[in-house]
Amino acid sequence: MISAVTQATTAAPLAALLPARRRKAWKVGTPPLYGPRNHAATSRITDGLRSLLVVEEGNRVELYAERPGLAPYTPDVVVDSTDPASVATLATRALRWLLADMDAETLRATEAEKGWRQVLHAKGTALTEFGFHLIDHGVVPVSTERADGPGIEWTAASGAEWAVWSYGLGPNYSLTYEGPVSGLYGALPVLLPALDGHAPTDAGSPFTRHLTDRFPQLRPVDADEVEFGGYRDLHGWIALPSRAELGDPVDDGTRVCAQIGTVGVDFLLAAAAYLV
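Residues numbered from 1 in each chain as written. Predicted model: local features only at pLDDT ≥ 70, side-chain atom pairs only at ≥ 80, totals over all residues. Heavy atoms only, no water.

1. Thoughts on the layout of surface pockets
Summary: where empty space remains is shown by rolling a probe the size of a single water molecule over the atoms.
(1) Moving on: What the largest pocket holds in volume is close to 600 Å³.
(2) Moving on: Lining the largest pocket are 24 residues, and of these R50, M102, D103, T106 and L107 sit closest to its centre.
(3) Moving on: Those elements that place two or more of their residues in the lining of the largest pocket are α2 (86–114) and α3 (116–136).
(4) Moving on: Considering only residue class, the lining of the largest pocket consists of 9 nonpolar, 6 polar and 9 charged.
(5) Moving on: Volume-wise, the second largest pocket comes out at about 490 Å³.
(6) Moving on: In terms of lining, the second largest pocket is formed by 20 residues, of which the most central are T92, R93, R96, V190 and L192.
(7) Moving on: Sorting the residues of the lining of the second largest pocket by element identifies α2, α4 (188–191) and α6 (265–271) as the ones contributing at least two each.
(8) Moving on: If one sorts the elements of the lining of the second largest pocket by residue count, α2 sits on top with 7 residues.
(9) Moving on: Per-class residue counts for the lining of the second largest pocket are 13 nonpolar, 3 polar and 4 charged. (1 Å grid on protein atoms, 1.4 Å probe; cavity = no way out; pocket = protein on both sides within 12 Å on 5 of 7 lines; lining within 4 Å. Points joined across faces, edges and corners; volume = space filled by probe spheres on them. Helix = DSSP H or I, 4+ residues; strand = E, 2+ residues; numbered from the N terminus. Nonpolar A, V, L, I, M, F, W, Y, C, P; charged D, E, K, R; others polar.)

2. What about the packing of aromatic side chains?
(1) Moving on: Counted by the stated rule, this structure contains 4 aromatic pairs.
(2) Moving on: Considering the side-chain rings of Y185 and F215, the 6.0 Å spacing of their centres and the 50 degrees angle between planes classify their relative orientation as tilted. Of this pair, Y185 sits in the loop between β9 (173–180) and α4 while F215 sits in the loop between α5 (206–212) and β10 (219–222), and the two are 30 residues apart along the sequence.
(3) Moving on: Ring pairing ties together the aromatic residues F130, W154, W162 and Y177, which thus form one cluster.
(4) Moving on: Stacked on the ring of Y173, the Lys or Arg K123 has its end atom at 5.2 Å from the ring centre.
(5) Moving on: A cation sits over an aromatic face here: R214 above Y185, 3.9 Å from the ring centre. (Phe/Tyr/Trp six-rings, centres within 6.5 Å; stacked < 30°, edge-to-face > 60°. Lys NZ or Arg CZ within 6 Å of the ring centre and 35° of its normal.)

3. Description of unusual backbone geometry
(1) Moving on: Of note in the backbone geometry, R22 takes a positive phi value of approximately 55 degrees without being a glycine.
(2) Moving on: Relative to the elements of secondary structure, R22 occurs in the loop between α1 (11–17) and β1 (27–29).
(3) Moving on: Judged by its relative accessible area of 52%, R22 falls in the exposed class.
(4) Moving on: In this structure, R23 takes a positive phi of about 65 degrees despite not being glycine. (Buried < 20%, exposed > 50% of the residue type's maximum accessible area, 1.4 Å probe, protein only.)

4. A closer look at the nonpolar core
(1) Moving on: One finds L52, F130, W154 and L175 to be the most contacted residues of the largest nonpolar core, which totals 64 residues.
(2) Moving on: The element contributing the most residues to this core is α2, with 9 residues.
(3) Moving on: In contact with L175, other than residues within four places in its own chain, are W154, W162, A163, V164, L191, A258, Q259, I260, V263, L268 and L275. (Core = buried A, V, L, I, M, F, W, Y, C linked by side-chain atoms within 4.5 Å. Contact = heavy atoms within 4.5 Å.)

5. What about the pattern of salt bridges?
Pairs can form between side chains of opposite charge whenever their charged atoms are close.
(1) Moving on: On inspection of all chains with the given rule, the structure shows 14 salt bridges.
(2) Moving on: Note that R21 is salt-bridged to D266, the shortest N-O span being 2.9 Å. In this pair, R21 is assigned in the loop between α1 and β1 and D266 in helix α6, connecting sequence segments 245 residues apart. Residue R21 shares its accessibility class with D266, and that shared class is buried.
(3) Moving on: In this structure, a network of salt bridges that share partners links the residues R21, D47, R50, D103, E129 and D266. (Salt bridge = Lys/Arg side-chain N within 4 Å of Asp/Glu carboxyl O.)

See the structure below:
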């Protein structure tokens, strides 16, 4: 007789931290008959479109993406279960790159089976969902069609201009910003990687130091630009619109432009409150 699989206690609180897509909230589903680790507590969480396996063994909590035709073998995310923030860390990593990767794989399959027009339609539908989410947060987004695909633009309370662009058939989206540097302060704690391991630097110009003193995760590129992020995570840059402004005094009203790349819809939905 096959013994019942013990449910992972992390599964339900993790599902509660992931945003609903198409009004389908994440919930704990039927666990697999055979999990990636024998005798380890295992649960499946699903939103009806995608599924993740949560596995608990020893001091580890592992997260596996379930992919069609592939048995989960190597965990996509691993955290220390003794960390009080372990569930939040799992959710953060899932939102920043794992769910975006899964959506990208789905889009590639869609293109192969149904063609590029269906990919653009799917990306436009996802942007529309995000647009309604922005309306719930009190801003009025405007849909934009460009030669390289659909986009959505909106004005934040600070007067800054935000936009999300699909950029053709490429997976996921790019988030752009134009406005006062202070208009980024509410969003950067969500956009930037964790603070651990980052220390302030005295290098750079008055402009870059104005940012890195507040957010050590930012790295100076040159006198008018900083960058952040890296492999398998959100990455982006913040810069002065013109090098002619390098000699101007730097304060919270200094105008900047920014771009954050490979952003998934799940992350956008979770971060919407910080982008208005």
